[in-house]
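# Notes for the structure review
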Amino acid sequence: MGWGDLGVFGEPSKETPNLDQMAAEGMLFLDFYTASPLCSPSRAALLTGRLPVRNGFYTTNGHARNAYTPQDIVGGIPDSELLLPELLKKAGYTNKIIGKWHLGHRPQFHPLRHGFDEWFGSPNCHFGPYDSRERPNIPVYRDWDMVGRYYEDFKIDLKTGEANLTQLYLQEALDFISKQQASQQPFFLYWAIDATHAPVYASKQFLGTSQRGLYGDAVREIDDSIGKILKHLQQLGISENTFVFFTSDNGAALISAPKQGGSNGPFLCGKQTTFEGGMREPAIAWWPGHIPAGGVSHQLGSVMDLFSTSLSLAGLQPPSDRQIDGIDLLPVMLQGKLTDRPIFYYRGNELMAVRAGLYKAHYWTWSNSWEEHNKGIDFCPGQSVAGVTTHTQEEHTYLPLLFHLGRDPGEKYPLSFASDEYQRAVEHISGLVQQHKASLVPGQPQLNVCDQAVMVSAQSTDALGNLWIKIHFIKCQCWEGMLGEEMHGHVLVASLIRDRADPSFPF
Ligand SMILES: *[C@@H]1O[C@H](CO)[C@@H](O)[C@H](O)[C@H]1NC(C)=O
(Lines give C-alpha, C1' and ligand atoms only; values in the text may rest on other atoms or scores of the structure.)
Protein backbone atom coordinates (compact mmCIF):
# COMPACT_ATOMS: atom_id res chain seq x y z
CA MET A 1 0.00 0.00 0.00
CA GLY A 2 1.20 3.49 -0.71
CA TRP A 3 1.44 6.68 1.33
CA GLY A 4 -1.25 8.27 -0.84
CA ASP A 5 -3.81 5.47 -0.53
CA LEU A 6 -5.44 6.79 2.64
CA GLY A 7 -8.04 9.52 2.80
CA VAL A 8 -6.18 11.09 5.71
CA PHE A 9 -3.12 11.50 3.42
CA GLY A 10 -5.27 13.21 0.79
CA GLU A 11 -6.48 10.38 -1.43
CA PRO A 12 -9.34 12.17 -3.24
CA SER A 13 -11.97 9.41 -3.14
CA LYS A 14 -11.80 9.30 0.69
CA GLU A 15 -12.48 5.60 0.94
CA THR A 16 -10.61 4.76 4.15
CA PRO A 17 -12.95 6.07 6.89
CA ASN A 18 -11.64 3.58 9.47
CA LEU A 19 -7.96 4.35 8.98
CA ASP A 20 -8.79 8.06 8.90
CA GLN A 21 -10.66 7.63 12.20
CA MET A 22 -7.74 5.64 13.62
CA ALA A 23 -5.50 8.62 12.79
CA ALA A 24 -8.00 11.06 14.34
CA GLU A 25 -7.93 9.02 17.56
CA GLY A 26 -4.18 8.40 17.43
CA MET A 27 -1.03 9.77 15.85
CA LEU A 28 -0.22 10.15 12.19
CA PHE A 29 3.41 9.72 11.14
CA LEU A 30 4.17 11.67 7.97
CA ASP A 31 7.83 10.74 7.67
CA PHE A 32 7.76 7.02 8.29
CA TYR A 33 9.80 4.56 6.24
CA THR A 34 10.19 0.93 5.48
CA ALA A 35 13.67 -0.60 5.48
CA SER A 36 13.60 -1.85 1.89
CA PRO A 37 11.45 -1.13 -1.17
CA LEU A 38 10.52 -4.83 -1.32
CA CYS A 39 8.45 -7.06 0.93
CA SER A 40 10.70 -9.87 2.27
CA PRO A 41 13.58 -7.64 3.41
CA SER A 42 11.31 -5.03 4.97
CA ARG A 43 9.36 -7.71 6.88
CA ALA A 44 12.63 -9.21 8.10
CA ALA A 45 13.68 -5.73 9.24
CA LEU A 46 10.40 -5.13 11.06
CA LEU A 47 10.69 -8.37 13.03
CA THR A 48 14.43 -8.07 13.81
CA GLY A 49 14.74 -4.30 14.26
CA ARG A 50 17.73 -4.49 11.93
CA LEU A 51 18.49 -3.37 8.38
CA PRO A 52 18.26 -6.18 5.80
CA VAL A 53 21.99 -5.84 5.11
CA ARG A 54 22.55 -6.86 8.74
CA ASN A 55 19.90 -9.59 9.07
CA GLY A 56 20.81 -11.29 5.78
CA PHE A 57 17.81 -10.33 3.62
CA TYR A 58 19.81 -9.11 0.64
CA THR A 59 21.89 -10.34 -2.27
CA THR A 60 25.50 -9.84 -3.26
CA ASN A 61 25.15 -11.41 -6.71
CA GLY A 62 23.79 -8.40 -8.55
CA HIS A 63 24.67 -4.91 -7.48
CA ALA A 64 21.74 -3.05 -5.87
CA ARG A 65 19.33 -5.85 -6.72
CA ASN A 66 16.12 -6.16 -4.76
CA ALA A 67 15.62 -9.76 -3.75
CA TYR A 68 12.89 -11.64 -1.93
CA THR A 69 11.83 -15.17 -1.09
CA PRO A 70 9.87 -16.88 -3.88
CA GLN A 71 9.23 -20.64 -3.75
CA ASP A 72 12.63 -21.65 -5.03
CA ILE A 73 14.76 -19.54 -2.73
CA VAL A 74 17.10 -21.50 -0.51
CA GLY A 75 17.65 -18.90 2.21
CA GLY A 76 15.54 -17.46 4.98
CA ILE A 77 15.74 -15.87 8.39
CA PRO A 78 18.92 -17.08 10.12
CA ASP A 79 18.63 -18.74 13.53
CA SER A 80 21.10 -16.19 14.85
CA GLU A 81 18.56 -13.37 14.35
CA LEU A 82 16.35 -12.58 17.34
CA LEU A 83 12.80 -11.88 16.27
CA LEU A 84 10.36 -9.66 18.15
CA PRO A 85 8.05 -12.58 19.09
CA GLU A 86 11.00 -14.61 20.42
CA LEU A 87 11.80 -11.78 22.79
CA LEU A 88 8.18 -10.99 23.71
CA LYS A 89 7.75 -14.63 24.73
CA LYS A 90 10.06 -13.93 27.65
CA ALA A 91 7.51 -11.42 28.94
CA GLY A 92 4.69 -13.94 28.67
CA TYR A 93 3.25 -12.87 25.34
CA THR A 94 1.39 -15.22 23.01
CA ASN A 95 2.36 -14.38 19.43
CA LYS A 96 0.38 -14.92 16.28
CA ILE A 97 1.10 -14.17 12.63
CA ILE A 98 -1.83 -13.97 10.26
CA GLY A 99 -1.07 -13.75 6.54
CA LYS A 100 2.20 -13.50 4.69
CA TRP A 101 5.41 -14.53 6.45
CA HIS A 102 7.95 -14.16 3.62
CA LEU A 103 11.02 -14.89 5.73
CA GLY A 104 11.76 -18.26 4.08
CA HIS A 105 9.64 -21.34 3.45
CA ARG A 106 11.97 -24.23 4.28
CA PRO A 107 11.30 -26.06 7.57
CA GLN A 108 14.03 -24.29 9.55
CA PHE A 109 12.45 -20.92 8.71
CA HIS A 110 8.93 -21.77 9.88
CA PRO A 111 7.48 -18.89 11.95
CA LEU A 112 6.74 -21.25 14.85
CA ARG A 113 10.49 -21.90 15.02
CA HIS A 114 11.11 -18.18 15.33
CA GLY A 115 8.94 -17.17 18.25
CA PHE A 116 5.40 -17.28 16.91
CA ASP A 117 2.96 -19.57 18.72
CA GLU A 118 0.30 -19.55 16.03
CA TRP A 119 0.12 -18.97 12.30
CA PHE A 120 -2.61 -18.81 9.72
CA GLY A 121 -1.31 -17.82 6.32
CA SER A 122 1.35 -18.46 3.80
CA PRO A 123 5.13 -18.40 3.54
CA ASN A 124 4.98 -16.53 0.22
CA CYS A 125 3.04 -14.15 -1.99
CA HIS A 126 -0.17 -15.40 -3.55
CA PHE A 127 1.28 -15.57 -7.06
CA GLY A 128 -0.15 -18.25 -9.32
CA PRO A 129 -1.89 -20.40 -10.29
CA TYR A 130 0.92 -22.83 -11.08
CA ASP A 131 0.73 -26.25 -12.66
CA SER A 132 1.32 -28.04 -9.34
CA ARG A 133 3.82 -30.39 -10.98
CA GLU A 134 6.87 -28.45 -12.03
CA ARG A 135 5.86 -25.59 -9.76
CA PRO A 136 3.41 -26.22 -6.96
CA ASN A 137 0.84 -23.68 -5.86
CA ILE A 138 1.79 -21.72 -2.75
CA PRO A 139 0.80 -23.53 0.46
CA VAL A 140 -1.34 -22.11 3.26
CA TYR A 141 -0.55 -23.11 6.83
CA ARG A 142 -2.32 -23.38 10.11
CA ASP A 143 0.44 -23.51 12.69
CA TRP A 144 2.77 -26.40 11.75
CA ASP A 145 0.45 -27.95 9.17
CA MET A 146 -0.19 -27.17 5.56
CA VAL A 147 -3.96 -26.88 5.24
CA GLY A 148 -4.21 -26.28 1.51
CA ARG A 149 -2.90 -24.23 -1.37
CA TYR A 150 -3.80 -20.94 -3.00
CA TYR A 151 -6.02 -21.29 -6.09
CA GLU A 152 -6.90 -24.89 -5.12
CA ASP A 153 -8.25 -24.78 -1.56
CA PHE A 154 -8.02 -21.02 -1.07
CA LYS A 155 -9.49 -19.64 -4.26
CA ILE A 156 -8.36 -16.49 -5.96
CA ASP A 157 -10.34 -15.71 -9.09
CA LEU A 158 -7.94 -13.81 -11.32
CA LYS A 159 -10.74 -12.86 -13.75
CA THR A 160 -13.04 -11.18 -11.25
CA GLY A 161 -10.42 -10.45 -8.55
CA GLU A 162 -12.54 -12.25 -5.99
CA ALA A 163 -10.90 -13.95 -3.00
CA ASN A 164 -12.05 -14.30 0.58
CA LEU A 165 -8.62 -14.19 2.16
CA THR A 166 -8.95 -10.82 3.91
CA GLN A 167 -12.20 -12.04 5.49
CA LEU A 168 -10.47 -15.22 6.68
CA TYR A 169 -7.59 -13.17 8.07
CA LEU A 170 -10.03 -10.81 9.80
CA GLN A 171 -11.92 -13.65 11.48
CA GLU A 172 -8.61 -15.19 12.61
CA ALA A 173 -7.62 -11.86 14.16
CA LEU A 174 -10.93 -11.35 15.98
CA ASP A 175 -10.90 -14.93 17.31
CA PHE A 176 -7.32 -14.67 18.50
CA ILE A 177 -7.97 -11.38 20.29
CA SER A 178 -11.10 -12.82 21.95
CA LYS A 179 -9.20 -15.90 23.09
CA GLN A 180 -6.38 -13.82 24.57
CA GLN A 181 -8.79 -11.47 26.28
CA ALA A 182 -10.74 -14.40 27.77
CA SER A 183 -7.56 -15.96 29.16
CA GLN A 184 -6.19 -12.55 30.25
CA GLN A 185 -2.93 -13.26 28.44
CA PRO A 186 -0.90 -10.54 26.73
CA PHE A 187 -0.56 -10.95 22.99
CA PHE A 188 1.34 -9.81 19.93
CA LEU A 189 -0.64 -10.03 16.70
CA TYR A 190 1.19 -9.50 13.41
CA TRP A 191 -1.67 -9.03 10.93
CA ALA A 192 0.28 -9.34 7.68
CA ILE A 193 -2.44 -9.09 5.05
CA ASP A 194 -1.60 -8.87 1.35
CA ALA A 195 -4.75 -8.00 -0.67
CA THR A 196 -3.10 -4.93 -2.24
CA HIS A 197 -0.19 -7.04 -3.51
CA ALA A 198 -0.56 -8.28 -7.09
CA PRO A 199 -2.65 -10.19 -7.98
CA VAL A 200 -4.91 -7.76 -6.10
CA TYR A 201 -8.09 -9.25 -4.65
CA ALA A 202 -11.18 -8.41 -2.61
CA SER A 203 -14.18 -10.38 -1.41
CA LYS A 204 -17.52 -10.14 -3.18
CA GLN A 205 -19.06 -7.57 -0.83
CA PHE A 206 -16.25 -5.12 -1.70
CA LEU A 207 -15.81 -5.85 -5.40
CA GLY A 208 -16.80 -2.88 -7.52
CA THR A 209 -17.42 -0.61 -4.52
CA SER A 210 -14.43 1.70 -5.01
CA GLN A 211 -14.01 4.61 -7.38
CA ARG A 212 -10.45 3.42 -7.81
CA GLY A 213 -11.08 -0.02 -9.28
CA LEU A 214 -10.04 -3.39 -7.87
CA TYR A 215 -7.07 -1.98 -5.95
CA GLY A 216 -9.41 0.45 -4.21
CA ASP A 217 -11.78 -2.44 -3.41
CA ALA A 218 -8.86 -4.20 -1.70
CA VAL A 219 -7.93 -1.05 0.23
CA ARG A 220 -11.57 -0.63 1.30
CA GLU A 221 -11.73 -4.20 2.58
CA ILE A 222 -8.51 -3.78 4.56
CA ASP A 223 -9.80 -0.48 5.94
CA ASP A 224 -13.10 -2.06 6.93
CA SER A 225 -11.28 -4.95 8.63
CA ILE A 226 -9.05 -2.62 10.61
CA GLY A 227 -12.15 -0.77 11.78
CA LYS A 228 -13.61 -4.08 12.96
CA ILE A 229 -10.41 -5.05 14.79
CA LEU A 230 -10.24 -1.69 16.62
CA LYS A 231 -13.93 -1.88 17.50
CA HIS A 232 -13.41 -5.41 18.81
CA LEU A 233 -10.65 -4.21 21.12
CA GLN A 234 -12.96 -1.47 22.38
CA GLN A 235 -15.89 -3.83 22.91
CA LEU A 236 -13.69 -6.24 24.86
CA GLY A 237 -12.55 -3.32 27.01
CA ILE A 238 -8.86 -3.75 26.16
CA SER A 239 -8.27 -0.82 23.80
CA GLU A 240 -6.52 1.21 26.49
CA ASN A 241 -3.95 -1.50 27.03
CA THR A 242 -3.44 -2.47 23.42
CA PHE A 243 -1.00 -0.60 21.21
CA VAL A 244 -1.88 -0.77 17.50
CA PHE A 245 0.28 0.40 14.63
CA PHE A 246 -0.66 0.45 10.95
CA THR A 247 1.93 0.65 8.17
CA SER A 248 3.02 -1.00 4.92
CA ASP A 249 6.09 -2.96 3.84
CA ASN A 250 6.80 -0.95 0.70
CA GLY A 251 5.32 1.80 -1.41
CA ALA A 252 2.56 1.04 -3.89
CA ALA A 253 3.75 -0.87 -6.95
CA LEU A 254 3.24 1.34 -9.97
CA ILE A 255 4.25 -1.28 -12.54
CA SER A 256 0.65 -1.95 -13.45
CA ALA A 257 -0.66 1.56 -12.76
CA PRO A 258 -3.35 2.66 -12.99
CA LYS A 259 -5.18 -0.68 -13.26
CA GLN A 260 -3.81 -2.33 -10.14
CA GLY A 261 -1.62 0.46 -8.88
CA GLY A 262 -2.00 2.31 -5.67
CA SER A 263 -0.93 5.85 -4.94
CA ASN A 264 2.26 7.14 -3.39
CA GLY A 265 0.81 10.62 -3.10
CA PRO A 266 3.24 13.40 -4.04
CA PHE A 267 6.26 11.10 -3.98
CA LEU A 268 8.47 9.89 -6.79
CA CYS A 269 8.12 6.37 -8.24
CA GLY A 270 7.04 3.31 -6.27
CA LYS A 271 7.87 -0.12 -4.95
CA GLN A 272 11.34 -1.44 -5.92
CA THR A 273 12.91 2.02 -5.85
CA THR A 274 14.65 4.05 -3.15
CA PHE A 275 12.82 7.20 -4.17
CA GLU A 276 10.26 8.39 -1.64
CA GLY A 277 7.40 6.55 -3.38
CA GLY A 278 9.15 3.24 -2.81
CA MET A 279 9.88 3.61 0.88
CA ARG A 280 7.82 6.33 2.59
CA GLU A 281 4.80 4.61 4.13
CA PRO A 282 1.43 5.44 5.57
CA ALA A 283 1.78 5.06 9.33
CA ILE A 284 -0.67 5.46 12.21
CA ALA A 285 -0.22 4.72 15.92
CA TRP A 286 -3.28 4.13 18.09
CA TRP A 287 -3.46 3.64 21.84
CA PRO A 288 -6.48 5.42 23.32
CA GLY A 289 -5.89 7.04 26.67
CA HIS A 290 -2.13 7.16 26.11
CA ILE A 291 -1.29 8.55 22.66
CA PRO A 292 -3.04 11.93 22.41
CA ALA A 293 -5.80 11.95 19.79
CA GLY A 294 -5.21 13.81 16.53
CA GLY A 295 -1.43 13.91 16.88
CA VAL A 296 0.78 14.47 13.86
CA SER A 297 4.47 13.63 14.05
CA HIS A 298 7.42 14.53 11.85
CA GLN A 299 9.68 12.07 13.63
CA LEU A 300 11.71 10.19 11.02
CA GLY A 301 10.40 6.70 11.75
CA SER A 302 11.04 3.22 10.46
CA VAL A 303 9.32 -0.17 10.54
CA MET A 304 12.37 -1.25 12.58
CA ASP A 305 11.19 1.09 15.34
CA LEU A 306 8.19 -1.17 15.88
CA PHE A 307 10.65 -3.79 17.16
CA SER A 308 12.19 -1.46 19.74
CA THR A 309 8.89 0.21 20.63
CA SER A 310 7.13 -3.11 21.20
CA LEU A 311 9.94 -4.34 23.43
CA SER A 312 9.74 -1.11 25.38
CA LEU A 313 5.98 -1.53 25.82
CA ALA A 314 6.58 -5.04 27.16
CA GLY A 315 9.18 -3.75 29.60
CA LEU A 316 12.02 -5.47 27.75
CA GLN A 317 15.43 -4.22 26.67
CA PRO A 318 16.55 -4.65 23.04
CA PRO A 319 19.40 -7.19 22.64
CA SER A 320 22.77 -5.60 23.44
CA ASP A 321 24.98 -8.08 21.56
CA ARG A 322 24.14 -6.69 18.11
CA GLN A 323 23.38 -3.46 16.29
CA ILE A 324 19.68 -2.58 16.42
CA ASP A 325 18.55 0.05 13.91
CA GLY A 326 15.12 0.68 15.42
CA ILE A 327 14.48 3.29 18.07
CA ASP A 328 11.82 3.41 20.78
CA LEU A 329 9.01 5.68 19.58
CA LEU A 330 7.26 5.94 22.95
CA PRO A 331 8.94 9.27 23.85
CA VAL A 332 7.64 10.68 20.55
CA MET A 333 4.15 9.31 20.95
CA LEU A 334 3.67 10.01 24.65
CA GLN A 335 5.75 13.16 25.22
CA GLY A 336 6.28 14.58 21.73
CA LYS A 337 10.06 14.23 22.07
CA LEU A 338 11.73 14.00 18.68
CA THR A 339 14.90 11.96 18.12
CA ASP A 340 17.38 13.05 15.48
CA ARG A 341 18.28 10.00 13.38
CA PRO A 342 19.03 9.27 9.74
CA ILE A 343 17.10 7.01 7.37
CA PHE A 344 19.13 4.65 5.21
CA TYR A 345 17.71 3.60 1.85
CA TYR A 346 19.16 0.33 0.64
CA ARG A 347 18.64 -1.72 -2.46
CA GLY A 348 20.16 -5.14 -1.86
CA ASN A 349 23.79 -4.63 -0.84
CA GLU A 350 24.00 -0.96 -1.82
CA LEU A 351 23.29 2.11 0.29
CA MET A 352 21.46 4.16 -2.33
CA ALA A 353 20.43 7.22 -0.33
CA VAL A 354 20.34 8.75 3.13
CA ARG A 355 17.90 11.18 4.71
CA ALA A 356 18.83 13.46 7.58
CA GLY A 357 16.33 16.08 8.64
CA LEU A 358 14.66 17.34 5.48
CA TYR A 359 17.64 16.60 3.25
CA LYS A 360 17.99 13.43 1.22
CA ALA A 361 21.23 12.60 -0.54
CA HIS A 362 21.31 10.00 -3.31
CA TYR A 363 24.62 8.16 -3.58
CA TRP A 364 23.27 5.97 -6.35
CA THR A 365 20.28 6.43 -8.63
CA TRP A 366 18.46 3.66 -10.45
CA SER A 367 14.87 2.80 -11.28
CA ASN A 368 15.28 -0.34 -13.37
CA SER A 369 17.38 -1.60 -16.28
CA TRP A 370 16.80 -0.51 -19.88
CA GLU A 371 16.25 -4.18 -20.69
CA GLU A 372 13.39 -4.43 -18.22
CA HIS A 373 12.10 -0.97 -19.06
CA ASN A 374 11.99 -1.79 -22.77
CA LYS A 375 9.78 -4.76 -21.93
CA GLY A 376 7.28 -2.32 -20.46
CA ILE A 377 8.18 -2.77 -16.80
CA ASP A 378 8.12 0.73 -15.34
CA PHE A 379 8.58 1.54 -11.65
CA CYS A 380 7.99 5.25 -12.31
CA PRO A 381 5.23 5.45 -14.94
CA GLY A 382 4.68 9.03 -16.08
CA GLN A 383 7.34 10.28 -13.69
CA SER A 384 10.63 10.22 -15.50
CA VAL A 385 13.01 12.83 -14.01
CA ALA A 386 16.16 13.36 -16.08
CA GLY A 387 19.30 12.29 -14.24
CA VAL A 388 17.26 10.97 -11.30
CA THR A 389 15.06 8.05 -12.38
CA THR A 390 17.93 6.59 -14.37
CA HIS A 391 17.82 3.24 -16.16
CA THR A 392 21.50 2.64 -15.64
CA GLN A 393 22.97 2.49 -12.17
CA GLU A 394 24.50 5.93 -11.69
CA GLU A 395 27.03 6.49 -8.97
CA HIS A 396 27.00 9.86 -7.22
CA THR A 397 29.28 8.93 -4.33
CA TYR A 398 31.56 11.92 -4.77
CA LEU A 399 28.85 14.41 -5.57
CA PRO A 400 25.54 13.14 -4.20
CA LEU A 401 22.27 14.37 -5.65
CA LEU A 402 20.64 16.36 -2.88
CA PHE A 403 16.95 17.13 -2.43
CA HIS A 404 15.11 19.18 0.16
CA LEU A 405 12.05 17.04 0.89
CA GLY A 406 10.17 19.90 2.49
CA ARG A 407 10.29 22.13 -0.58
CA ASP A 408 10.49 19.28 -3.06
CA PRO A 409 8.84 16.09 -1.75
CA GLY A 410 8.74 14.70 -5.30
CA GLU A 411 12.57 14.67 -5.65
CA LYS A 412 12.49 16.57 -8.93
CA TYR A 413 14.86 19.48 -8.36
CA PRO A 414 18.34 18.59 -7.11
CA LEU A 415 20.06 21.40 -5.19
CA SER A 416 22.88 23.19 -6.92
CA PHE A 417 26.26 21.61 -6.11
CA ALA A 418 27.74 25.08 -5.70
CA SER A 419 25.31 26.31 -3.05
CA ASP A 420 26.25 26.70 0.61
CA GLU A 421 23.13 24.79 1.50
CA TYR A 422 24.37 21.83 -0.56
CA GLN A 423 27.85 21.92 0.99
CA ARG A 424 26.52 22.03 4.54
CA ALA A 425 23.93 19.29 4.11
CA VAL A 426 26.19 16.91 2.19
CA GLU A 427 29.00 17.34 4.68
CA HIS A 428 26.64 16.40 7.49
CA ILE A 429 25.14 13.42 5.67
CA SER A 430 28.53 12.15 4.50
CA GLY A 431 29.63 12.03 8.14
CA LEU A 432 26.61 9.89 8.95
CA VAL A 433 27.40 7.58 6.03
CA GLN A 434 31.01 7.18 7.13
CA GLN A 435 29.90 6.32 10.63
CA HIS A 436 27.33 3.85 9.34
CA LYS A 437 29.71 2.09 6.97
CA ALA A 438 32.56 1.90 9.46
CA SER A 439 30.45 -0.01 11.98
CA LEU A 440 28.52 -2.14 9.48
CA VAL A 441 28.80 -5.90 9.88
CA PRO A 442 26.87 -7.37 6.94
CA GLY A 443 24.92 -10.57 7.58
CA GLN A 444 25.32 -13.75 5.56
CA PRO A 445 23.39 -12.95 2.36
CA GLN A 446 20.34 -15.22 2.32
CA LEU A 447 18.84 -14.33 -1.02
CA ASN A 448 21.68 -15.17 -3.43
CA VAL A 449 20.64 -18.65 -4.40
CA CYS A 450 17.53 -20.25 -5.81
CA ASP A 451 17.28 -23.99 -6.24
CA GLN A 452 14.14 -25.47 -7.71
CA ALA A 453 14.92 -28.77 -5.99
CA VAL A 454 13.49 -27.21 -2.85
CA MET A 455 10.07 -27.33 -4.51
CA VAL A 456 8.11 -30.47 -5.33
CA SER A 457 9.73 -32.09 -8.39
CA ALA A 458 8.06 -33.49 -11.44
CA GLN A 459 7.57 -37.24 -11.44
CA SER A 460 6.43 -39.91 -13.85
CA THR A 461 6.39 -43.69 -14.14
CA ASP A 462 7.66 -45.49 -17.25
CA ALA A 463 6.38 -48.73 -18.84
CA LEU A 464 8.58 -50.84 -16.56
CA GLY A 465 7.14 -49.24 -13.47
CA ASN A 466 10.26 -47.19 -12.77
CA LEU A 467 9.56 -43.89 -11.14
CA TRP A 468 11.46 -41.01 -12.71
CA ILE A 469 11.95 -37.92 -10.67
CA LYS A 470 13.23 -34.81 -12.29
CA ILE A 471 15.51 -32.97 -9.93
CA HIS A 472 16.30 -29.43 -10.86
CA PHE A 473 19.55 -27.90 -9.79
CA ILE A 474 19.06 -24.49 -11.18
CA LYS A 475 20.91 -21.66 -9.62
CA CYS A 476 19.30 -18.38 -10.35
CA GLN A 477 19.07 -14.90 -9.02
CA CYS A 478 15.82 -14.20 -7.30
CA TRP A 479 14.22 -10.86 -7.56
CA GLU A 480 10.71 -9.87 -8.24
CA GLY A 481 9.78 -9.62 -11.89
CA MET A 482 13.00 -11.20 -13.09
CA LEU A 483 12.61 -14.74 -11.86
CA GLY A 484 13.62 -17.39 -14.33
CA GLU A 485 15.41 -15.02 -16.66
CA GLU A 486 18.92 -15.67 -15.56
CA MET A 487 18.66 -19.30 -14.68
CA HIS A 488 21.58 -21.46 -15.57
CA GLY A 489 22.93 -24.81 -14.51
CA HIS A 490 21.87 -28.32 -15.27
CA VAL A 491 19.11 -30.83 -14.75
CA LEU A 492 19.69 -34.24 -13.27
CA VAL A 493 17.34 -37.12 -13.96
CA ALA A 494 17.37 -39.85 -11.34
CA SER A 495 15.81 -43.26 -11.73
CA LEU A 496 14.46 -45.12 -8.75
CA ILE A 497 13.07 -48.63 -8.86
CA ARG A 498 9.68 -48.42 -7.28
CA ASP A 499 9.22 -50.91 -4.50
CA ARG A 500 5.48 -51.31 -4.29
CA ALA A 501 5.85 -53.41 -1.19
CA ASP A 502 7.47 -50.60 0.72
CA PRO A 503 4.70 -48.53 2.30
CA SER A 504 7.15 -45.85 3.36
CA PHE A 505 7.85 -44.93 -0.27
CA PRO A 506 6.48 -41.43 -0.56
CA PHE A 507 4.66 -41.57 -3.90
C1 LIG B 1 -16.18 -16.63 -0.80
O2 LIG B 1 -17.10 -17.07 0.17
C3 LIG B 1 -18.42 -17.13 -0.31
C4 LIG B 1 -19.32 -17.43 0.88
O5 LIG B 1 -18.87 -18.55 1.59
C6 LIG B 1 -18.54 -18.13 -1.44
O7 LIG B 1 -19.84 -18.16 -1.94
C8 LIG B 1 -17.57 -17.74 -2.55
O9 LIG B 1 -17.55 -18.71 -3.56
C10 LIG B 1 -16.18 -17.55 -2.00
N11 LIG B 1 -15.34 -17.00 -3.06
C12 LIG B 1 -14.15 -17.48 -3.39
C13 LIG B 1 -13.45 -16.83 -4.53
O14 LIG B 1 -13.62 -18.41 -2.80
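These figures come from a predicted structure and were not determined experimentally. (Residues numbered from 1 in each chain as written. Predicted model: local features only at pLDDT ≥ 70, side-chain atom pairs only at ≥ 80, totals over all residues. Heavy atoms only, no water.)

### Quick word on the overall build of the chain
Counting secondary structure elements, the chain contains 11 helices and 23 strands. The burial tally for the chain puts 58% of its 507 residues in the buried class. Long-range contacts, defined here as pairs at least 24 residues apart, represent 68% of the contacts in the chain between residues at least 6 apart. (Helix = DSSP H or I, 4+ residues; strand = E, 2+ residues; numbered from the N terminus. Buried < 20%, exposed > 50% of the residue type's maximum accessible area, 1.4 Å probe, protein only. Contact = heavy atoms within 4.5 Å.)

### Quick notes on helix 1 (residues 17–25)
Buried within helix 1 are the following residues: Leu19, Asp20, Met22 and Ala23. Down the axis of helix 1, the buried side of the element spans an arc of 155°, and every buried residue falls inside it. (Arc of directions from axis to C-beta.)

### Quick notes on the state of the cysteines
Chemically, a disulfide is nothing more than a covalent bond linking the sulfur atoms of two cysteines. Counted under the stated rule, the structure contains 1 disulfide. A sulfur-sulfur distance of 2.1 Å marks the disulfide that ties cysteine 269 to cysteine 380. In this structure, the disulfide formed by cysteine 269 and cysteine 380 twists by about 105° around the S-S bond and is classed as right-handed. On the criterion of sequence distance, the pair formed by cysteine 269 in the loop between strand 10 (244–246) and helix 7 (276–279) and cysteine 380 in the loop between helix 10 (370–374) and strand 19 (394–395) is long-range, its members being 111 residues apart. Overall, the relative accessible area of 0% leaves cysteine 269 in the buried class. The exposure class of cysteine 380 is buried, given its relative accessible area of 5%. With no disulfide partner, cysteine 39 has as its closest neighbouring cysteine sulfur the one in cysteine 125, 4.5 Å distant. Judged by relative accessible area, cysteine 39 falls into the buried class, the value being 0%. (Disulfide = S-S within 2.5 Å.)

### Focus on the packing of aromatic side chains
Taken as a whole and assessed by the stated rule, the structure comprises 16 aromatic pairs. Relative to phenylalanine 245, the ring of phenylalanine 29 has its centre 5.8 Å away and its plane inclined at 45°; by these criteria the two rings are tilted. Residue phenylalanine 29 is found in strand 1 (residues 27–29), and its partner phenylalanine 245 is found in strand 10; the two are separated by 216 residues along the sequence. Overall, the relative accessible area of 18% leaves phenylalanine 245 in the buried class. Residues phenylalanine 120 and tyrosine 169 carry aromatic rings whose centres are separated by 6.0 Å and whose planes lie at 65° to one another, so their mutual orientation is edge-to-face. Here tyrosine 169 lies in helix 5 (residues 165–182) and phenylalanine 120 lies in strand 4 (residues 118–122), a separation of 49 residues in the sequence. The class of phenylalanine 120 is buried, set by a relative accessible area of 5%. Members of the aromatic cluster, each reached through a chain of ring pairs, are Phe29, Phe32, Phe243, Phe245 and Trp287. The ring centre of tyrosine 130 lies 5.3 Å from the NZ or CZ of arginine 135, which sits over that ring. (Phe/Tyr/Trp six-rings, centres within 6.5 Å; stacked < 30°, edge-to-face > 60°. Lys NZ or Arg CZ within 6 Å of the ring centre and 35° of its normal.)

### Some words on the UniProt feature "active site" (unreviewed entry) in the chain
Mapped onto this numbering, the UniProt entry annotates "active site" (unreviewed entry) at Cys39 and His102. In three dimensions, the annotated residues from a span of 64 residues occupy one location, with a maximal C-alpha spread of 7.6 Å. With respect to the helices, strands and loops of the structure, cysteine 39 is situated in helix 2 (residues 39–48). In this structure histidine 102 comes out as buried when scored by relative accessible area, which is 0%. (UniProt positions renumbered as here; feature names shortened; annotations may be inferred.)

### Observations concerning the sheet that holds strand 20 (residues 401–404)
Pairing is antiparallel in the open sheet, where 4 strands are placed in the order 15-16-17-20. On the outer flanks of this sheet lie strand 15 (343–347) and strand 20, each paired with one strand and no other. Adjacent strand axes in the sheet meet at a mean angle of 20° when their direction is disregarded. Where strand 15 lies against strand 16 (residues 350–356), 5 bridges are found, and the strand directions are antiparallel. Bridge pairing in strand 16 links phenylalanine 344 to valine 354. Here helix 11 (residues 420–438) sits on the sheet in contact with strand 15, strand 16, strand 17 (359–362) and strand 20, set at roughly 125° to strand 16. (Pairing = 2+ DSSP bridges. Axes fitted to C-alpha atoms, helices over the stretch in contact; angles between N-to-C directions.)

### Topic: the pattern of salt bridges
As enumerated under the stated definition, the model contains 20 salt bridges in all. Aspartate 5 is the salt-bridge partner of arginine 212, the closest N and O atoms lying 2.6 Å from each other. Taken together, the positions of arginine 212 in the loop between strand 9 (187–192) and helix 6 (214–235) and aspartate 5 in the segment before helix 1 put the pair 207 residues apart, joining distant regions of the chain. Judged on exposure class, the residue arginine 212 and its partner aspartate 5 are both buried. Close ionic contact of lysine 96 with glutamate 118 constitutes a salt bridge, the shortest N to O distance being 3.3 Å. Of this pair, lysine 96 sits in strand 3 (residues 94–100) while glutamate 118 sits in strand 4, placing them 22 residues apart in sequence. The same class applies to lysine 96 and to glutamate 118, which are both buried. Several salt bridges converge on common partners, so that one network encompasses Asp31, Glu276, Arg280, Arg355, Lys360 and Glu411. (Salt bridge = Lys/Arg side-chain N within 4 Å of Asp/Glu carboxyl O.)

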